[in-house]
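Residues per chain are reported as follows:
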Amino acid sequence: MVTTRTPSTSALPSVPVGERYTLAQARRIALAAQGLHRPRPDGPVTMRHVQKVIDQVGLLQIDSVNVLARAHQVPLFSRLGPYDPALLDRAASRSPRRLMESWAHVASYVPPATYQLLEWRRRADRARLGGTQVDGVPLRESPVLDEVRTVVAERGPITSQEAHALFAERFPRPTGDWGWNWTVAKSALEYLFFAGDVAVAGRTAAFERLYDLTERVLPPAVAALPVPDDEEATRRLVEISARAHGIGTLRCLADYFRLSTAAAGRAVRALVEDGVLVPAAVTGWDREVYRHVDARLPRRATGAALLSPFDPLVFERRRVEELFGLRYRIEIYVPAAQRRWGYYVLPFLLGDAIEALVDLKAARATGRLVVQAAHRAPGARDRPGAPSDGEVALALAAELALVARWKGLDEVTFGTDGIGGDLMDALTRAVGAPADVEAAGIEA
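Residues numbered from 1 in each chain as written. Predicted model: local features only at pLDDT ≥ 70, side-chain atom pairs only at ≥ 80, totals over all residues. Heavy atoms only, no water.

Per an unreviewed UniProt entry, the protein chain goes by Winged helix-turn-helix domain-containing protein and derives from Cellulomonas persica.

Colleague: Go over the sheet that holds strand β10 (residues 277-282) with me, naming the residues and quoting the values.
Modeller: The strand order across the open sheet built from four strands is β1-β10-β11-β9, with neighbouring strands paired in mixed fashion. On the outer flanks of this sheet lie β1 (20-21) and β9 (247-248), each paired with one strand and no other. Pairing of β10 with strand β11 (residues 289-292), which is carried by four bridges, proceeds in the antiparallel orientation. Bridging across to β11, Pro-279 finds its partner in Tyr-290. Lying over the sheet, helix α14 (residues 261-273) contacts β10 and β11, oriented at roughly 105° with respect to β10. (Pairing = 2+ DSSP bridges. Helix = DSSP H or I, 4+ residues; strand = E, 2+ residues; numbered from the N terminus. Contact = heavy atoms within 4.5 Å. Axes fitted to C-alpha atoms, helices over the stretch in contact; angles between N-to-C directions.)

Colleague: Any chance you could break down the packing of aromatic side chains for me, citing the residues and the numbers?
Modeller: With the rule as written, the count across this model stands at six aromatic pairs. Both rings, one in Tyr-256 and one in Phe-315, keep their centres 5.5 Å apart while their planes meet at 50°; by these two values the pair is tilted. Here Tyr-256, found in the loop between α13 (250-255) and α14, pairs with Phe-315, found in the loop between β12 (304-306) and α15 (317-324); they are 59 residues apart in sequence, far enough to count as distant. No difference in accessibility class separates Tyr-256 from Phe-315, as the two residues are buried. (Phe/Tyr/Trp six-rings, centres within 6.5 Å; stacked < 30°, edge-to-face > 60°. Buried < 20%, exposed > 50% of the residue type's maximum accessible area, 1.4 Å probe, protein only.)

Colleague: I'd like a rundown of the environment of Leu-88, residues and numbers included.
Modeller: Mapped onto the elements, Leu-88 comes out in helix α4 (residues 86-93). With a relative accessible area of 3%, Leu-88 lands in the buried category. Sequence separation of Leu-88 and Glu-391 is 303 residues, and the distance between their C-alpha atoms is 33 Å.

And the structure:
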């Protein structure tokens, strides 16, 4: 038997301990943990709102693809609505920083305290990457490494292009090889970044990293704290992951910071013993799950949001499939003729279900948000009580209007060179009928 409690107006109730949860309940727990279970806050978005999202999700994945917006910018929009991306830039580039770049769930922004928890990974990277050859000499033994470090100390924050200009005569830019074609300066800077000798102090308008000494980037209050040993660091990373998940499997908890399942398993056992994690079960899942002790179970999920392919809610694809019944893969690197959903496809969350998949492009030169394709999510129509195509289209039209406003685009239009999709006709009608969207009372 599953029990729930009626939520108060001040806070959502604690999830009862020792219960088996239905899949619908697990979804609502997960959405509440990510701040996606209710409509966005009203009024202007401030740094306080941004900080709350950072505290909830624990990390923001970085990706250079800018078809719609940078990957790390979209999760804040999904939870807060139109906001000034300068807030995020300020959090990552102005002292005392609220975010720092690190290899976490791949390249990510993390709070400075979390950056310190990843020292064990930087230590491993020193050994792993130090053998890279520079002019026939392993990087860790190359005199150029000290020279680049000195350049950063004297001139930082500095881009790799600016650093390369100082070494170009001795080490010309490589040409002719397939791949990244990194310069010697870039290779040295990236090694120093992965090893923790330098950190990213910000990004240029072209999204180039600005490197500086870590001691000048890391907030002094954080730098003054002792760095935890590996076991304690892993335990705290898993706790952050568990709080961001609300409920999840060992695989979920390990993947958030790309931990080994063995290390994450030891941390999970310690957190269970301490009462931070509660073993539970979800109907239909064939393995044990763990609920963070502070996880909340809302009675309903009433939000609506487009999600980046790199949103923390959906970047672990097996979890998406188990929670939402959606087998979701990004198709950027799939040949165009073989794509099923489109190039840059965002899931559309409505209530507690992913109802649609939409391929979007910001045509900045012409001021248009272009819908290249729109599909109902597989199986969405078959779910008992599922909204109709028209209802989903109206909600999605309202969301697209919000995206266009956020990106400073004048209109939502439909591309003719995309895949199309089974929701395109309904969405075209909804976008062309703004009065209907407003009248529908969609909570977005």
